[in-house]
Amino acid sequence: MPEPRIVLHQWLISPFCAKVRLALAVKGLAYETQEYNGLLAAKAKRLTPAGKLPVLDYTDASGERTRVQDSSAIIAALERLHPEPSLYPEGPRERGLAHVIEDWADESLFWFEAYFRLLDPVASRKAAAYLGAGRPGWEGTILRRAGELTYKRRLAVLGLGSRSERELVEGAREHFEAIAGMLAGREWLVGDRLSIADIAVAAQVGEFVRTSRFADELEGHADIGPWLTRVGVELS
Ligand SMILES: N[C@@H](CCC(=O)N[C@@H](CS)C(=O)NCC(=O)O)C(=O)O
């Protein structure tokens, strides 16, 4: 059967793009990437009405192209097209748990990750280097400022913006303890094999490791460090 052509429109730094890359790797699917570093970010806005990345273009053997945005929708679509290995547990309880954990990673853990990447000066300088990769240096700086303003506004709407830095550090560590608690004595977050829950959570934790002040404690954690490697997150 001819291979499909898969193009992932991405930012290397985005945890949601990392989530899709992890899923593609587990499914053993070859793909190309289209990067939107620096001021090319404006082009990413025009790919779909949501204006966000990741976006995936999937062209099947007959040449028909489907465009999907949103990491959860993209991975669910890949699962329908390439069911093996499955990323969703079979039993209803484990399937439900995996869904809830994916949603928690995307909708709660992410905002802590965004805070400690974009609103921490040291981390945001590191992030800007990725966001501006291959582009003139000033473009990375502009994106860093834009990201800071946008996410300050979004965190304020969510209520996280009114928490003190100390409370945010405590909140992030509570999340890390929850992950460590779910992993204690086990290989995977749900059931006895890798699932969408591991991929979604590891994608966020991987970004914490790449740029944030928590990198060493996460990478060196007895349960979390080896699990990140098992899921396929590339550590430094
Ligand atoms: N729920 C979406 C979230 C995607 C998302 O927030 N992507 C960020 C990058 S990490 C983005 O595109 N931000 C630009 C913007 O919101 O304008 C998913 O799972 O794909």
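Computed from a predicted model, the values in this text were never measured in an experiment.

Asks: Teacher, can you tell me more about the UniProt feature "domain: GST N-terminal" (unreviewed entry) in the chain here?
Replies: This chain's UniProt record puts "domain: GST N-terminal" (unreviewed entry) on residues 4-86. Helix makes up 34% of residues 4-86 and strand makes up 24%, while its end C-alpha atoms are separated by 18 Å.

Asks: For this particular structure, what's the right way to read helix α10 (residues 224-231)?
Replies: For the α-helix, the turn length of 3.6 residues means that residues three or four positions removed from each other point alike. Those residues of α10 not exposed but buried are Ile224, Gly225, Trp227, Leu228 and Val231. Looking straight down α10, one finds that the buried residues subtend no more than 165° of arc, so they occupy a single side. With its phi angle positive at about 110°, Gly232 sits one or two positions after the end of α10.

Asks: Is there a simple way to explain the pattern of salt bridges in this structure?
Replies: Charged atoms that come close allow side chains of opposite charge to pair. One pass over the structure, following the stated rule, counts 14 salt bridges. With its nearest N and O atoms 2.9 Å apart, the salt bridge here joins Lys19 to Glu102. Taken as a pair, Lys19 in helix α1 (residues 15-26) and Glu102 in helix α4 (residues 92-118) lie far apart in primary sequence, 83 residues in all. Under the relative-accessibility criterion, Glu102 is labelled buried at 6%. Among the ionic pairs, Arg135 bridges to Glu139, the shortest N-O distance being 2.9 Å.

Asks: Please explain the sheet that holds strand β3 (residues 55-59) as it appears in this structure.
Replies: Working definition: the strands of a sheet are paired by backbone hydrogen bonds and lie parallel or antiparallel to each other. Sheet architecture is open: four strands sit in the order β2-β1-β3-β4, paired in mixed fashion. Across the chains shown, the open sheet's two edge strands, defined by having one partner strand only, are β2 (32-35) and β4 (65-69). Looking at each pair of strands side by side, their axes are set apart by 20° on average, direction ignored. Direction of pairing for β3 relative to β4: antiparallel, over a ladder of five bridges. Across the sheet, residue Thr59 finds its bridge partner in β4, namely Arg65. α1 contacts β1 (5-10) and β3 of the sheet and is inclined by roughly 155° relative to β1. Lying over the sheet, helix α3 (residues 71-81) contacts β3 and β4, oriented at roughly 140° with respect to β4.

Cut-offs and rules
In every chain, residue numbers begin from 1 and rise along the written sequence. Reporting of local features is limited, given that this is a predicted model, to residues whose pLDDT is at least 70; pairs of side-chain atoms are given and counted only at 80 or more, and all residues count toward the totals for whole chains, interfaces and linings. Computation of side-chain values covers all heavy atoms of the structure but excludes hydrogens and water. UniProt positions are given in the numbering used here, feature names are shortened, and annotations may be inferred rather than shown by experiment. Counting from the N terminus, the helices are DSSP H or I runs at least four residues long and the strands are E runs at least two residues long. Only protein chains enter the accessibility calculation, which uses a 1.4 Å probe. A residue is then buried if its area is under 20% of the maximum for its type, exposed if over 50%, and partly exposed in between. Each C-beta atom gives one direction from the helix axis, and the arc is the one those directions make. Here, a salt bridge means any Lys or Arg side-chain nitrogen found within 4 Å of an Asp or Glu carboxyl oxygen. The criterion for strand pairing is that DSSP finds at least two bridges linking the strands in question. Fitted lines through C-alpha atoms give the axes, limited to the stretch in contact for helices. The angle between two N-to-C directions lies from 0 to 180 degrees. The contact rule is simple, with two residues in contact once any of their heavy atoms fall within 4.5 Å.

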